[in-house]
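Spelled out, the chains give:
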Amino acid sequence: MKKVLLSAICFAAFVFSANAQFGSSMLKQAASKAAQKTTEKTIEKATDRVSDKAADAIDKELEKGLSSEPAEQSPAQAQSQAQSQEPVKPQSIVDIMKKLPDIPTVQQLVNCKSAELNEQTFKVLSSPVTSFKTKSASLAIEAMTFSYANADSAQVMETAYKQAELMTGLSREELDKLSEMSEEEQQAYLAAHYKEGQAEAALMEQAVDASKYLEPLQPMIDEWEAVGKKVEQLFQEADNQCKNIYAKYAKDLESAQGAAYNSVAIKYYGEIVPIQRKAVIEAMKIRMDEQIPAAEKIEKEMVPIRAEHHDLISALLNYPQMTATQYFTDASRLFDILTYK
């Protein structure tokens with residue numbers, strides 16, 4: 001029981017510190033009083049420095065495509081084409097994970113990083129790496145929202161209200177007031193009325209309760225966590241190799257500026273990215289082949305538990321969803337110029 005309780009508390013603490021965005025989303029849902037779909041805005045733009053010249057070039061290319069006359073089609077051809085263009089709805093988290101494109105090659109990664117550092121915007125936008133980043137971010141969002149797609153909206157909203165009340169200390173009436181305010185007014189209202197420590201206390205209390213229904217699942221959870229540690233070890237070994245390479249470039253990376261820095265950074269990145277890429281590919285295979293099956297076993301047991309316990313812990317304890325999130329996060333290791341102290 002102690003181990004289960006500790007796991008639940010640690011998970012709750014992780015949720016509060018690292019998953020604040022989810023809690024914010026729940027609060028916004030409760031404040032808006034409706035199950036309205038909000039457009040996800042977490043996919044980063046390919047670059048925040050798109051030049052007018054590059055944007056104009058893209059517009060011209062789009063106009064060329066739009067101005068071309070489409071060939072006439074028979075009704076049967078039109079129907080067939082429309083059907084072929086309809087997106088296939090994923091049946092599971094695994095289906096979403098399998099939609100991730102092939103990992104970019106080492107050369108593609110190096111070329112894109114060089115274009116980023118040298119502010120070659122059009123090359124960044126047209127790079128397969130940018131396409132991969134965008135697709136990965138989109139799939140991560142799809143995986144995070146997948147389990148709620150067919151949920152009962154009334155129950156979701158009732159749960160959202162209860163969680164928002166617990167975590168903020170605000171009443172339902174106060175939450176309703178937020179829905180009528182501007183973003184600035186909401187921030188000011190929360191600053192004045194939010195009860196510090198309320199969220200942490202609520203999560204800790206729920207973690208204690210969660211330990212009771214998680215205890216029978218602990219052997220399966222241990223199996224899932226063991227695979228996660230296997231992946232962590234894989235990345236640790238890759239980091240150790242990258243640290244040794246960083247030592248060769250550290251002085252120049254810290255002192256160089258402008259074009260000189262870019263030159264050194266690309267040489268360094270070119271040496272570490274094959275190591276990172278190999279580790280990412282191996283890690284994602286482990287998650288798909290070993291961790292997802294373990295997660296699906298847990299989820300089978302979580303379904304009836306979640307139906308009985310409408311709290312934040314049970315809502316977030318979706319192990320296939322968490323595995324998918326980690327799967328897409330693994331890919332992000334490809335894009336950083338790692339530094340070590």
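Notes on the structure in this doc start here. These numbers were taken from a predicted model, which means no experiment stands behind them. (Residues numbered from 1 in each chain as written. Predicted model: local features only at pLDDT ≥ 70, side-chain atom pairs only at ≥ 80, totals over all residues. Heavy atoms only, no water.)

### Describing the nonpolar core
Line of reasoning, step 1. With 47 residues, the main nonpolar core has Met97, Tyr268 and Phe328 as its most contacted residues.
Line of reasoning, step 2. With 15 residues, helix 14 (residues 258–308) is the single largest residue contributor to this core.
Line of reasoning, step 3. Residues contacting Tyr268, with those up to four places away along its chain left out, are Cys242, Ile245, Tyr246, Tyr249, Leu253, Ile337, Leu338 and Tyr340.
Line of reasoning, step 4. By size, the runner-up hydrophobic cluster in this structure holds 15 residues, among which are Tyr213, Leu217, Ala294 and Met302. (Core = buried A, V, L, I, M, F, W, Y, C linked by side-chain atoms within 4.5 Å. Buried < 20%, exposed > 50% of the residue type's maximum accessible area, 1.4 Å probe, protein only. Helix = DSSP H or I, 4+ residues; strand = E, 2+ residues; numbered from the N terminus. Contact = heavy atoms within 4.5 Å.)

### Observations regarding the packing of aromatic side chains
Line of reasoning, step 1. Summed over all chains, the structure comprises six aromatic pairs.
Line of reasoning, step 2. Measuring from centroid to centroid gives 5.4 Å for Tyr327 and Phe328, while their planes differ by 85°, and the two rings are edge-to-face. Note on accessibility: Tyr327 and Phe328 belong to one class, buried.
Line of reasoning, step 3. Cluster of aromatic residues (ring-pair linked, three or more members): Tyr246, Tyr249, Tyr268 and Tyr340.
Line of reasoning, step 4. Lying across the ring of Phe335, Lys133 places its NZ or CZ 4.9 Å from the centre.
Line of reasoning, step 5. The lysine or arginine in question, Arg333, covers the ring of Phe235, its NZ or CZ lying 4.0 Å from the ring centre. (Phe/Tyr/Trp six-rings, centres within 6.5 Å; stacked < 30°, edge-to-face > 60°. Lys NZ or Arg CZ within 6 Å of the ring centre and 35° of its normal.)

### Details of the packing of helix 13 (residues 218–255) against helix 14
Line of reasoning, step 1. For the pair helix 13 and helix 14, interaxial distance at closest approach is 9 Å and the crossing angle is 175°. With respect to helix 14, the axis of helix 13 lies roughly antiparallel.
Line of reasoning, step 2. For the contact of helix 13 with helix 14, the class distribution of residues is 26 nonpolar, four polar and twelve charged. (Axes fitted to C-alpha atoms, helices over the stretch in contact; angles between N-to-C directions. Parallel < 35°, antiparallel > 145°, perpendicular 65-115°, else oblique. Nonpolar A, V, L, I, M, F, W, Y, C, P; charged D, E, K, R; others polar.)

### Topic: the side chain of Asn318
Line of reasoning, step 1. Locating Asn318 in the fold gives a position in the loop between helix 15 (312–316) and helix 16 (319–331).
Line of reasoning, step 2. Using a relative accessible area of 7% as the deciding quantity, one classes Asn318 as buried.
Line of reasoning, step 3. A distance of 3.0 Å separates a polar atom in the side chain of Asn318 from the backbone nitrogen of Gln321. (Polar contact = N/O pair within 3.5 Å; in protein donor to acceptor, adjacent residues only side chain to side chain.)

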